[in-house]
Amino acid sequence: MKKIFSCLLAALFVATLATPGTACTGIAINAADGTKLLARTIEWKGGNLNSKLVIMPRGLKNTALTPAGQNGHVWYNKYGAVGASTVEAPFVTEGVNEKGLNVGIFYFANVGSLTPYNPKHRKKSVSDGELVRYMLTNFATVDEALKGLEKIEIFPIGQKDKNGNYATGHWRISDASGKSVVLEITDNGQRHVYDNNLRVFTNSPGFPWHQANLNNYIHLSGGETPDKTMGDVHLFSYGGGTNLMGLPGDLTPPARLVRAFFYVQTAPVPADKYAAVTQAFHILNNFDIPVGAEYAPGQQIPDMPSATQWTAVSDVTHPTFYYRTMYNSAIRKIDLTKINFDTVKYTVTDMDKVPQETFHELTF
């Protein structure tokens, strides 16, 4: 039964990652008062991801899932954490812990390549789908996480696709000090760690490629191009933002990263925590994907309002998890400093109180 259950979860997790409609965008925002935020969207065009809000208390025993069942690496939560899962509760996709460590997994199509599961190493094996939860509940800083990961084997929970590749992700890991890195695993298990000086993150290709690609947009900047006269013709702008003409607007990971980079770099420094959270959600509004945009004419479109199923903001300075969903744009807030992680129960709950809330009507 355990093996059937684990294979089912693996299949669901891979189905989530293996679809071209998986297109996450991440940003970082720093406020003048010292507040540091990490924010991201999560997309999937194939249907409702059944995401849940997950509360992870201290001391909770975890046993990692393997293709043979729930018999992998065992650990007890050192820190409490809050996050959002996809498909099933063990697969926490994004979250923050009580020490301000933030971790998220982003799809890494056709580039990520992990070492397959080895039953002989099951006691030190953690799947890619559970790695966010593993880091959040074990480590307080980026450096601790990177050192701790050296002691485990990270394997793909799913099966190979038709091209012989495992669907997997790469990870953004950030902490309260402001340090943020990208962990990418390629070439059958080769680990690479990059400082995320861009303050943005998306999907494939690899992070160094995205860094180099920004040089193709050196001509872009904020603001409006001044009027000028050429011969007898006076030229002028029809609207603001003409210095950003040529900014890519499609849905691909390279285009989204370039767009996110210029939005973050041109945004004013917010004054405080409230302004920073508001700014993060406003910037990520630009990356909401209408579900129909990812389907060819005549294809069946799932009955849901958006391919962007939820957007989350993690405050790593004052550990707090904010989110909104495709069904409800109201921002929800979970303040980790108000949770007693020694007594709170392990909780898995719907991100929306009801699947589809009605509009709040104002009367005069």
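Up top is the structure.
Residues numbered from 1 in each chain as written. Predicted model: local features only at pLDDT ≥ 70, side-chain atom pairs only at ≥ 80, totals over all residues. Heavy atoms only, no water.

A. Geometry of the overall build of the chain. For the chain, the helix and strand inventory stands at 6 helices and 20 strands. Since a compact globule built from 364 residues should have a radius of gyration of about 21 Å, the 21 Å found for the chain is in line with a globular shape. Over its C-alpha atoms, taken along the principal directions, the chain stretches across nearly 80 × 55 × 45 Å. When each of the 364 residues of the chain is scored for burial, the buried share is 52%. Expressed as a percentage of contacts within the chain between residues at least 6 apart in sequence, the contacts between residues at least 24 apart total 67%. Entry remark: accessible area of the chain is about 17,100 Å², with carbon and sulfur atoms responsible for 54%. Between the averaged position of the 33 positive side-chain charges in the chain and that of its 31 negative side-chain charges there is a distance of 10 Å. (Helix = DSSP H or I, 4+ residues; strand = E, 2+ residues; numbered from the N terminus. Rg over C-alpha atoms; globule rule 2.2 N^0.38 Å. Buried < 20%, exposed > 50% of the residue type's maximum accessible area, 1.4 Å probe, protein only. Contact = heavy atoms within 4.5 Å. Areas by Shrake-Rupley, 256 points an atom, 1.4 Å probe, with all protein chains shown as cover. Lys, Arg positive; Asp, Glu negative; His and termini not counted. Charge placed at Lys NZ, Arg CZ, Asp CG, Glu CD.)

B. Spotlight on the sheet that holds strand E13 (residues 190-195). Pairing is antiparallel across the open sheet formed by 8 strands, whose spatial order is E13-E12-E11-E8-E7-E6-E3-E20. Each of the sheet's edge strands pairs with one partner strand only, and the pair in question is E13 and strand E20 (347-350). The average angle at which neighbouring strand axes cross in this sheet is 30°, direction not considered. One ladder, built from 6 bridges, connects strand E12 (residues 180-186) with E13; its direction is antiparallel. Across the sheet, the residue bridging to Glu-184 is His-192, located in E13. Strand contacts of helix H2 (residues 131-138): strand E3 (52-56), strand E6 (81-86), strand E7 (88-97), strand E8 (102-107), strand E11 (169-174) and E12, with the helix running at about 45° to E7, the strand carrying the most contacts. (Pairing = 2+ DSSP bridges. Axes fitted to C-alpha atoms, helices over the stretch in contact; angles between N-to-C directions.)

C. Here's a closer look at the layout of surface pockets. Here the second largest pocket defines a volume of roughly 280 Å³. What lines the second largest pocket is a set of 15 residues, and nearest its centre among them are Asn-48, Ser-51, Tyr-327, Met-351 and Asp-352. When its residues are assigned to classes, the lining of the second largest pocket shows 6 nonpolar, 5 polar and 4 charged. (1 Å grid on protein atoms, 1.4 Å probe; cavity = no way out; pocket = protein on both sides within 12 Å on 5 of 7 lines; lining within 4 Å. Points joined across faces, edges and corners; volume = space filled by probe spheres on them. Nonpolar A, V, L, I, M, F, W, Y, C, P; charged D, E, K, R; others polar.)

Coordinates in, geometry out; function isn't part of it.
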